[in-house]
Amino acid sequence: LEASRATGELRLRLDLPRGQPPAELLLVLSHATRAEYDHLVVLRHADGSYAGRLERFEPGRWYLEVTPRSRQWRLRGTLEPDSAGPLRLSPAPGT
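Please read all numbers here as calculations on a predicted model, not as lab measurements. (Residues numbered from 1 in each chain as written. Predicted model: local features only at pLDDT ≥ 70, side-chain atom pairs only at ≥ 80, totals over all residues. Heavy atoms only, no water.)

Colleague: What's the story with the overall build of the protein chain in this structure? I'm lost.
Modeller: Assigned secondary structure in the protein chain consists of zero helices and eight strands. Taken from the N to the C terminus, the helices and strands of the protein chain come in the order β-β-β-β-β-β-β-β. Put simply, the protein chain has 95 residues, and 34% of those count as buried. Summarising the internal contacts of the protein chain: among those between residues at least 6 apart in sequence, 48% fall at separations of at least 24. Of the roughly 6,300 Å² of accessible surface on the protein chain, a fraction of 47% belongs to carbon and sulfur atoms. If the 14 positive side-chain charges of the protein chain are averaged to one point and the 12 negative ones to another, these points end up 5 Å apart. (Helix = DSSP H or I, 4+ residues; strand = E, 2+ residues; numbered from the N terminus. Buried < 20%, exposed > 50% of the residue type's maximum accessible area, 1.4 Å probe, protein only. Contact = heavy atoms within 4.5 Å. Areas by Shrake-Rupley, 256 points an atom, 1.4 Å probe, with all protein chains shown as cover. Lys, Arg positive; Asp, Glu negative; His and termini not counted. Charge placed at Lys NZ, Arg CZ, Asp CG, Glu CD.)

Colleague: How should the nonpolar core be read in this particular structure?
Modeller: Judged by nonpolar contacts, the single largest core of 19 residues is most densely connected at Leu 12, Leu 27, Leu 29, Leu 43 and Leu 64. Residue assignment for this core shows that the elements contributing at least two residues are strand 2 (9-12), strand 3 (24-31), strand 4 (39-46), strand 6 (62-68) and strand 7 (75-79). Contact partners of Leu 12, with chain neighbours within four places excluded, come to Leu 1, Leu 25, Leu 43, Ser 49, Tyr 50, Val 66 and Leu 89. (Core = buried A, V, L, I, M, F, W, Y, C linked by side-chain atoms within 4.5 Å.)

Colleague: Would you take a moment to explain the environment of Val 42 for this structure?
Modeller: Relative to the assigned elements, Val 42 resides in strand 4. Given the relative accessible area of 24%, Val 42 is considered partly exposed. Along the backbone, Val 42 and Leu 10 are 32 residues apart, and their C-alpha atoms lie at a distance of 10 Å. Aside from chain neighbours lying at most four places away, what touches Val 42 is Glu 24, Leu 25, Leu 26, Ala 51, Gly 52 and Arg 69.

Colleague: I would appreciate a short explanation of the sheet that holds strand 3 in the present structure.
Modeller: Within the open sheet, the eight strands sit side by side as 1-2-5-4-3-6-7-8. Their pairing is antiparallel. Of all the strands in the sheet, just strand 1 (2-3) and strand 8 (90-91) have a single pairing partner and so form its edges. Relative to strand 5 (residues 49-53), strand 2 is paired through four bridges, and the arrangement is antiparallel. Directly across from Glu 9, in strand 5, lies its bridge partner Arg 53. (Pairing = 2+ DSSP bridges.)

Colleague: Hey, could you run me through the pairing of strand 6 in this one?
Modeller: Look at any regular strand and the pattern is simple: side chains alternate between the two faces of the sheet. Among the seven residues that make up strand 6, six are buried, leaving the element largely enclosed by the rest of the structure. With seven bridges joining them, strand 3 and strand 6 adopt antiparallel strand pairing. Across the sheet, residue Leu 27 finds its bridge partner in strand 6, namely Val 66. As judged from the five bridges shared by strand 6 and strand 7, these two strands associate in the antiparallel manner. Paired with Trp 62 across the bridge in strand 7 is Leu 79. A loop of six residues connects strand 6 with strand 7, the two strands running antiparallel in sequence, and Arg 71 in this loop sits at a positive phi of about 60 degrees.

And the structure:
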């Protein structure tokens, strides 16, 4: 996942071992200390990746979860305040 704090642009590349990629994914962004900053963003598939936009990207640590609408699987990760480069998400335990 690549996230621009300046523009709010979000881009995700998903490598599936089999099957068709879903048309869209849900990205849940949970702020570590301020629940009022939490967001749900729909990422739409286009040109081999998923894209979406976040209106406001407040500073701080974020917990992320990506899942298709069917909720058949999910990926999780943590975006640290001063992280640079793409974030690698991992399967959640039990999925």
